[in-house]
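# Structure at a glance
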Amino acid sequence: MHTLLPLLPSSLQLHLVPAGRRLDFITASGSFAYVYRRCCPQDWQCVANNARSPFLDTSHLAPEAAPEYLILFRDAAGTTVGATSVVQAHPSGLPARPSWISL
C-alpha cells in the first residue's frame, strides 16, 4: 500500500498501554495524518482521519490479531504526500481488551 509513497523522516512509534495501542508520530505543517490498521489476514482499513499525535486505538482486538499500523499523510487537496513505515504490535504484549482501570 505505501511502498510507492515517499517515506517521511518522521518515525511512527507504537506503545502498548493499558487503554490500548498508542501511536506517536510527527505531522508536517500543511499535511493531515490518516491512521491505517491491518490485522492478519485482513486488508488495511482507515481508523482515523486528520489524526493527532498521540493517537490511541482502543478497539477491542483478538489477542492473535497482531495489528500493524501505518500513517499516510495527505495535503489539503487530499493528495497523499508521504507515509511512515509499518509498525506491528506483538500479540503477546497486547491487552485482552482496553481497560481504563489500569491507567
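Everything here concerns the structure above.
In this text, all values refer to a predicted model and were calculated from it rather than measured experimentally. (Residues numbered from 1 in each chain as written. Predicted model: local features only at pLDDT ≥ 70, side-chain atom pairs only at ≥ 80, totals over all residues. Heavy atoms only, no water.)

### Remarks on the overall build of the protein
The number of helices and strands found in the protein is zero helices and eight strands. Ordered by position from the N terminus, the helices and strands of the protein form the series β-β-β-β-β-β-β-β. Residue burial in the protein is summarised as follows: out of 103 residues, 38% are buried. Taking the contacts inside the protein whose residues are at least 6 apart along the sequence as the reference set, 64% of them involve residues at least 24 apart. Total accessible area computed for the protein in this model is approximately 6000 Å², and 54% of it derives from carbon and sulfur atoms. (Helix = DSSP H or I, 4+ residues; strand = E, 2+ residues; numbered from the N terminus. Buried < 20%, exposed > 50% of the residue type's maximum accessible area, 1.4 Å probe, protein only. Contact = heavy atoms within 4.5 Å. Areas by Shrake-Rupley, 256 points an atom, 1.4 Å probe, with all protein chains shown as cover.)

### A short note on the pairing of strand β1 (residues 13–17)
Where β1 lies against strand β2 (residues 20–24), five bridges are found, and the strand directions are antiparallel. Within β2, the residue paired with Leu16 across the bridge is Arg21. Between β1 and β2, which pair antiparallel and follow one another directly, the connecting turn spans two residues. (Pairing = 2+ DSSP bridges.)

### Structural notes on the pattern of salt bridges
Tallied over the entire structure, the rule returns four salt bridges. Two residues, Arg21 and Asp57, come together in a salt bridge whose shortest N-O distance is 3.4 Å. Residue Arg21 is located in strand β2, and its partner Asp57 is located in strand β5 (residues 55–57); the two are separated by 36 residues in the primary sequence. Each member of the pair, Arg21 as well as Asp57, is classed as buried. A single network of salt bridges, built from pairs that share partners, joins Arg21, Arg37 and Asp57. (Salt bridge = Lys/Arg side-chain N within 4 Å of Asp/Glu carboxyl O.)

### Description of unusual backbone geometry
The omega angle of the peptide bond from Cys40 to Pro41 is 0°, so this bond is cis rather than trans. Looking at the secondary structure, you find Pro41 in the loop between β3 (32–38) and β4 (45–51). Here the amide bond leading from Ser53 into Pro54 is cis, since omega sits at 0°, within 30 degrees of zero. The backbone of Asn50 shows a phi angle near 50°, a positive value even though the residue is not glycine. Locating Asn50 in the fold gives a position in strand β4. When its relative accessible area of 44% is taken as the criterion, Asn50 is described as partly exposed. Its identity as a non-glycine residue notwithstanding, Ala66 has a phi of 50°, on the positive side. Relative to the helices and strands, Ala66 is located in the loop between β5 and β6 (68–74). With a relative accessible area of 8%, Ala66 lands in the buried category.

### What about the side chain of Arg37?
Within the secondary structure, Arg37 is located in strand β3. At 2.7 Å, the side chain of Arg37 forms a polar contact with the side chain of Asp57. Residues in contact with Arg37, not counting those within four places in the same chain, are Asp43, Trp44, Gln45, Val47, Asp57, Ser59, Leu61, Pro67, Glu68 and Tyr69. (Polar contact = N/O pair within 3.5 Å; in protein donor to acceptor, adjacent residues only side chain to side chain.)

This is a description of form; function is not addressed.
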